[in-house]
Amino acid sequence: MSGFCVEFRGVSKSYGDTVVLRDLDLALPVDATTAVVGESGSGKSTLMQVINGLVRPEAGVVSVLGAALDYDDLPRTRRRMGYAVQGAGLFPHLTAVDNIALVASMEGWSRSRIDDRLIELMALLELPEDLAARYPHALSGGQQQRVSLCRAMMLDPPLMLLDEPFSALDPITRAAIHDEFIKLQQVAARSVVMVTHDMSEAVKLAQHLVILKDGEVVREGALDAVMSDPGNEYVTRLFEVSR
Amino acid sequence: MMAARNRYGFVHAWALLRRAMIVSIVALLTTTPAAVAASEDDRTIVVASKTFTESRLLAEIMSQMLEDAGFTVERRFGLGGTLVCFEALKGAEIDVYPEYTGTLGQAILGFTEDVTNPRKLAAGAHANGLNLLPSFGFNNTYAMAIKESLAEERGLRTVTDLAAQSDLTLAFSHEFLNREDGWPGLSATYGLKGSPSGIEHGLAYLAIDQDRIDITDAYSTDGDLGRYQLTVLDDDKGYFPQYLAVPFVRQDLPYRAIVQLERLAARIDDGTMRRLNGEIVIDEKTFADVARNFLQSQSLLGGGLAPGSLREAAVRKVNWQAMGVNTLVHLKLTAFALALGCVVGLPLGVLVFRSQSASRVVVYLAGLLQTVPSLALLALMIPLSGLGERSAIIALFLYSLLPILRSTITALVTIDPLLKRVAEAIGLTRSQQLWRVLVPLAMPNVLAGVKTAAIISIGTATLAAFVGAGGLGEPIITGLNLNDISLILQGAIPAAGLAVTVELMFEGVERLVVKEHMLRGQMPA
């Protein structure tokens, strides 16, 4: 395995005449959090969906966890990439624990193995046990997002993809989940790719930055390096407005 | 389009099938056939009729004549309209039914002029492998009916007299109102003004009796004319074509049967027919009794009790048992059709929903089926699947497809795209996405579609009686024809009860299968 969790080589994607990703080269580090930062329309969400195969690029090679993405066997690859989105995306017909355990039960996990993992995860994200049997509509926004993170982590995947998972939360809840996330990464760091439009969130949570503008990478590098040398005016401005 | 002459055609009429079957079973048990001459005489002759009283009575008269000659007769009375009868006759589902020359010329053979020319009619019948036997002797044509008292008061005798009247309320059966040879032609010929409204024929007499309307279309031999003290205005310009009633038969009918039916030629004039019709609708005698008395009075029968008459008399009074049987048959038709609709519609919806164009094609085709008028669809079924339950179930099934397909496809397509994306992104396979996420999320709307289909089926299944499939349409249609409110209610009340029961049943199923918060449509914030 290479030292990268995700690699793009010459990846391009367009919808009709609109180029969304333009000849992208990327190499994102393992066991660290990478924040992909950009305005809406920068292509950051498409980039995320290229990683888990929801969107297939017209050109270029996508490697995930050391192997080129196999489009004929996406479900198996995706189970090694936890996924959480803005608005949580919980299935309304399933209880909190059934949402979390859905893929594990598809994997054929035993009941007791599932239960053990559920208890572990809910403790980790400080979800009270009495929420377990509730349906999503009976959970607060913050609780839903924690459940969504639990679902992403259920199979203990080596890579997690977070698509603006915290942006719909109120500031206090968001700060609390940020802290939990940081704690999680401190206890057992894993590769995380997180999309956000919020540079302050990126600075708080990530060790690696990818700044995207109009489908192109304008700056990529370790957080410290980018902060001390933004490299261009656009990145400088992003830092400024986030203060 | 359905039928010249068939004023009752669009009424949910028809009923006597089961009664007829009982009658023929009893007939089988009790008849002591005259010596059976040829082996072809062994075959059962199927006698049919349209829904209205006169057609049934003529059919019963023919049936008794045939039985008297030793034939076994199967009665299929009350078929839904000219097209249904004609198709059934052509397809050898039935052997004989009473038809009218005007109807034959216009509605069946499509003549535009000279519609009752006997030679043209005979040639047209032959071309279809059919024969016309000599007329019974009466002309049951259209007539303008008006209260005797009102006609006297205004001095109205002819249709021409009508032209000077501008304040009379006109209401005609829908068919008469729209047929080229009905109101449009009549008003042009006589220069009649006024804007008549449409009314169900079975209700027109009640309306005229209560002075809600003044004039309606009627048939010159209608037994109800006497009952409501109505008179008919003379067609002094000879606008209406002749509607001579004739036995319409298959050419392969046994020769002896033809001879027997020809003995009925010129036996019934206009007055006699009006009186016989009156004995049914006013005196509430049974078809079997009226037919037998008439035949005996004409010395046409060999004598002895006509089979089935006692039993039929009993049937006309029966209600609870008949209601139960009708309800069960109705339920059976609906259930089979709905089950078929689900078996075909649900998988088809799941199969095509991912492709917008395929979904559109499928929903469009199902919608096209639904636009075919129910009665026409039933008529179209006859050449394919004959008379009876099978045709009814297939037609009902076709009707249930649209609501089931549309709701299935819409339910699946309109699921929150975020949830669809998540289902894919967390690593569910295609079939896991379908069964674990999409189907459960679509379930409330799919169930609503199936429920709609069920309710529609219960309503439409009353038409099943038209093709001899029985059900709650039987008493409704017979009741409409006989102006028998109690009979109508014996069909209508159980049908309404059935609809409510099914509605409640589906609510129960919903509660079992779908979580309550999903029914309220609540989604996570």
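Residues numbered from 1 in each chain as written. Chains lettered and ligands numbered in written order. Predicted model: local features only at pLDDT ≥ 70, side-chain atom pairs only at ≥ 80, totals over all residues.

Trainee: Is there a simple way to think about the overall build of chain B in this case?
Mentor: A count of helical and extended segments in chain B gives 24 helices and ten strands. Across the 525 residues that make up chain B, the buried fraction comes to 50%. Here the contacts in chain B between residues at least 6 apart in sequence split such that 81% fall between residues at least 24 apart. (Helix = DSSP H or I, 4+ residues; strand = E, 2+ residues; numbered from the N terminus. Buried ≥ 20, exposed ≤ 12 C-beta atoms within 10 Å, placed from the backbone. Contact = placed C-beta atoms within 7 Å.)

Trainee: Whenever I open this one, the overall build of chain A confuses me. Can you help?
Mentor: Of the regular secondary structure elements, chain A holds nine helices and ten strands. A total of 243 residues make up chain A; the buried ones form 42% of that total. Within chain A, contacts between residues separated by at least 24 positions form 69% of all contacts whose residues are at least 6 apart in sequence.

Trainee: It is not clear to me how helix H5 (residues 141-153) of chain A should be interpreted in this structure. Could you clarify?
Mentor: Every α-helix winds through 3.6 residues per turn, so residues three or four apart in the chain are directed the same way. Residue and element names in this part refer to chain A. Helix length check: H5 (13 residues) gives 19 Å between terminal C-alpha atoms against 18 Å at 1.5 Å per residue, within 8%. Most of H5 is tucked away: eleven of the 13 residues are buried. All buried positions along H5 are accounted for by Gln143, Gln144, Gln145, Arg146, Val147, Ser148, Leu149, Cys150, Arg151, Ala152 and Met153. Looking at the buried side of H5, the elements it contacts are strand E6 (81-85), helix H3 (96-106), helix H4 (111-124), strand E7 (159-163) and helix H6 (171-187). (Expected span 1.5 Å × (residues − 1).)

Trainee: Explain the interface of chain A and chain B to me, please; I cannot follow it from the model alone.
Mentor: Frequently, the measure chosen for interface size is the accessible area that the parts lose on association. Listed as interface residues are 23 residues of chain A and, on the opposing side, 22 residues of chain B. Class assignment of the residues belonging to the side of chain A that touches chain B gives a composition of 13 nonpolar, seven polar and three charged. (Nonpolar A, V, L, I, M, F, W, Y, C, P; charged D, E, K, R; others polar.)

Trainee: Sorry if this is basic, but what is going on with the pairing of strand E2 (residues 18-29) of chain A here?
Mentor: Successive residues of a regular strand alternate their side chains across the two faces of the sheet. Residue and element names in this part refer to chain A. Of the strand pairs in this sheet, strand E1 (residues 4-15) and E2 are connected by eight bridges, and their pairing is antiparallel. Paired with Val6 across the two strands is Leu28, which belongs to E2. Between the end of E1 and the start of E2, which pair antiparallel, lie two residues, with Gly16 showing a positive phi angle near 65°. (Pairing = 2+ DSSP bridges.)

Trainee: Even after reading the chapter, I still don't get the pairing of strand E9 (residues 208-213) of chain A, so can you show me in this structure?
Mentor: All names here are of chain A. With five of six residues buried, E9 is to be regarded as a mostly interior element. As paired elements, strand E3 (residues 33-37) and E9 share four bridges and run parallel to each other. Its bridge partner being in E9, Val37 is matched across the sheet by Ile211. A loop of two residues connects E9 with strand E10 (residues 216-222), the two strands running antiparallel in sequence, and Asp214 in this loop sits at a positive phi of about 50°.

Trainee: Explanation requested: the sheet that holds E1(A) in the structure shown.
Mentor: Hydrogen bonds between backbone atoms are what pair the strands of a sheet, whose relative direction is either parallel or antiparallel. Strand order in the open sheet formed by four strands is E2-E1-E4-E5 (chain A), with antiparallel pairing between adjacent strands. The open sheet is flanked by E2 and strand E5 (67-68) of chain A, the only strands paired with a single partner.

Trainee: Honestly, the sheet that holds E9(A) in this entry has me stumped. Any pointers?
Mentor: All names here are of chain A. One open sheet holds the six strands; their spatial order is E6-E7-E8-E3-E9-E10, and the pairing between them is mixed. Of all strands in the sheet, those bounded by a partner on one side alone are E6 and E10. Direction aside, the axes of adjacent strands within the sheet are offset by 15° on average. By the bridge criterion, five bridges tie E3 to strand E8 (residues 191-196) in an arrangement that is parallel. Residue pairing for E8: Thr34 is matched across the bridge by Val193. (Axes fitted to C-alpha atoms, helices over the stretch in contact; angles between N-to-C directions.)

Trainee: Sorry, what's going on with the packing of helix H2 (residues 53-68) of chain B against helix H12 (residues 255-262) of chain B here?
Mentor: Packed helices, taken two at a time, are described by the angle between their axes plus the distance between the axes. All names here are of chain B. Contact geometry of H2 with H12 gives a least axis separation of 9 Å together with a crossing angle of 125°. Between H2 and H12, the angle is such that the two are oblique. Where H2 crosses over H12, the two elements pack in a sense that is right-handed. Mapping the contact onto sequence places Met62, Met65 and Leu66 in H2 and Ala257, Gln260 and Leu261 in H12. Among the residues forming the contact of H2 with H12, the class breakdown is five nonpolar, one polar and no charged. (Parallel < 35°, antiparallel > 145°, perpendicular 65-115°, else oblique. Left-handed = near helix turned anticlockwise from the far one by under 90°.)

Trainee: I'm lost on unusual backbone geometry in this one. Help?
Mentor: Trans is the common state for peptide bonds, and a negative phi is the common state for residues other than glycine. All names here are of chain A. Positive phi, normally seen in glycine, also occurs at Asp23, with a value near 45°. Secondary-structure assignment places Asp23 in strand E2. One non-glycine residue with positive phi stands out, namely Glu164, at about 45°. Take Glu164: there are 19 C-beta atoms within 10 Å of it, and that puts it in the partly exposed class.

Trainee: When you look at the confidence of the model for chain A in this model, what are you seeing that I'm missing?
Mentor: Should pLDDT be low for a region, the predicted coordinates there are not to be read in detail. Residues of chain A with pLDDT of at least 70 account for 99%, and the chain-wide mean is 88. When mean pLDDT is taken per element in chain A, H3(A) scores highest with 93 and helix H9 (residues 233-242) of chain A scores lowest with 82. (pLDDT = per-residue confidence, 0-100.)

Trainee: I would appreciate a short explanation of the nonpolar core in the present structure.
Mentor: Buried together is how nonpolar side chains tend to be arranged in soluble globular proteins. Residues and elements named next belong to chain B. Counting residues in each nonpolar core, the largest one holds 180 residues, and the members touching the most others are Val47, Ala48, Val84, Leu378 and Val467. With 14 residues, helix H19 (residues 389-413) is the single largest residue contributor to this core. Each of domain 1 (16-139 + 242-317) and domain 3 (320-519) gives at least three residues to this core. Sequence-distant contacts of Val47, defined by excluding residues within four places in its chain, comprise Ala59, Met62, Ser63, Leu66, Val73, Arg75, Asp95, Val96 and Tyr97. Met144, Ala145, Phe176 and Leu186 belong to the second largest nonpolar core, which has 26 residues in total. (Core = buried A, V, L, I, M, F, W, Y, C linked by C-beta atoms within 7 Å. Domains from an automatic or database assignment.)

Trainee: Explain the environment of Tyr399(B) here, please?
Mentor: Residues and elements named next belong to chain B. Here Tyr399 is to be found in helix H19. Through-space distance from the C-alpha of Tyr399 to that of Leu377 is 9.5 Å; in sequence the pair is 22 residues apart. With residues near it in sequence (within four places) discarded, Tyr399 still touches Gln370, Ile456, Ser457 and Thr460.

Trainee: Can you walk me through the confidence of the model for chain B in this structure?
Mentor: Residue and element names in this part refer to chain B. Model confidence for chain B is summarised by a mean pLDDT of 81, while 87% of its residues fall at 70 or above. Taking the mean pLDDT of every element in chain B, the minimum, 37, falls on helix H1 (residues 16-30) and the maximum, 95, on strand E3 (residues 96-100). In this model, residues 1-39 is a region of pLDDT below 50 whose contacts with residues beyond four sequence positions or in other chains number 120 contacts. In the model, residues 303-316 has pLDDT below 50 throughout and makes 28 contacts with residues more than four positions away in sequence or in other chains. Taken together, the chains of this predicted complex give a pTM of 0.65 and an interface ipTM of 0.90.

Trainee: How should the environment of Gly367(B) be read in this particular structure?
Mentor: In this fold, Gly367(B) is placed in helix H17 (residues 356-371). Sequence separation between Gly367(B) and Pro403(B) is 36 residues, and the spatial gap between their C-alpha atoms is 8.9 Å.

Trainee: What is the right way to read the packing of H3(A) against H5(A) from this model?
Mentor: Residue and element names in this part refer to chain A. Between H3 and H5, the least distance of the axes is 7 Å, while the angle of their chain directions is 20°. It follows from the interaxial angle that H3 and H5 lie roughly parallel. H3 and H5 meet at a crossing whose hand is right-handed. Across the interface between the two elements, Ala96, Asn99 and Ile100 of H3 pack against Val147, Cys150 and Arg151 of H5. In terms of residue class, the contact of H3 with H5 is built from four nonpolar, one polar and one charged.

Trainee: Could you clarify how one ought to interpret the environment of Gly182(B) in this entry?
Mentor: Residues and elements named next belong to chain B. Summarising the element assignment, Gly182 is placed in the loop between helix H8 (174-178) and helix H9 (183-190). You can call Gly182 partly exposed: it has 19 C-beta atoms within 10 Å. For the pair Gly182 and Tyr142, spaced 40 residues apart in the sequence, the C-alpha separation amounts to 8.4 Å.

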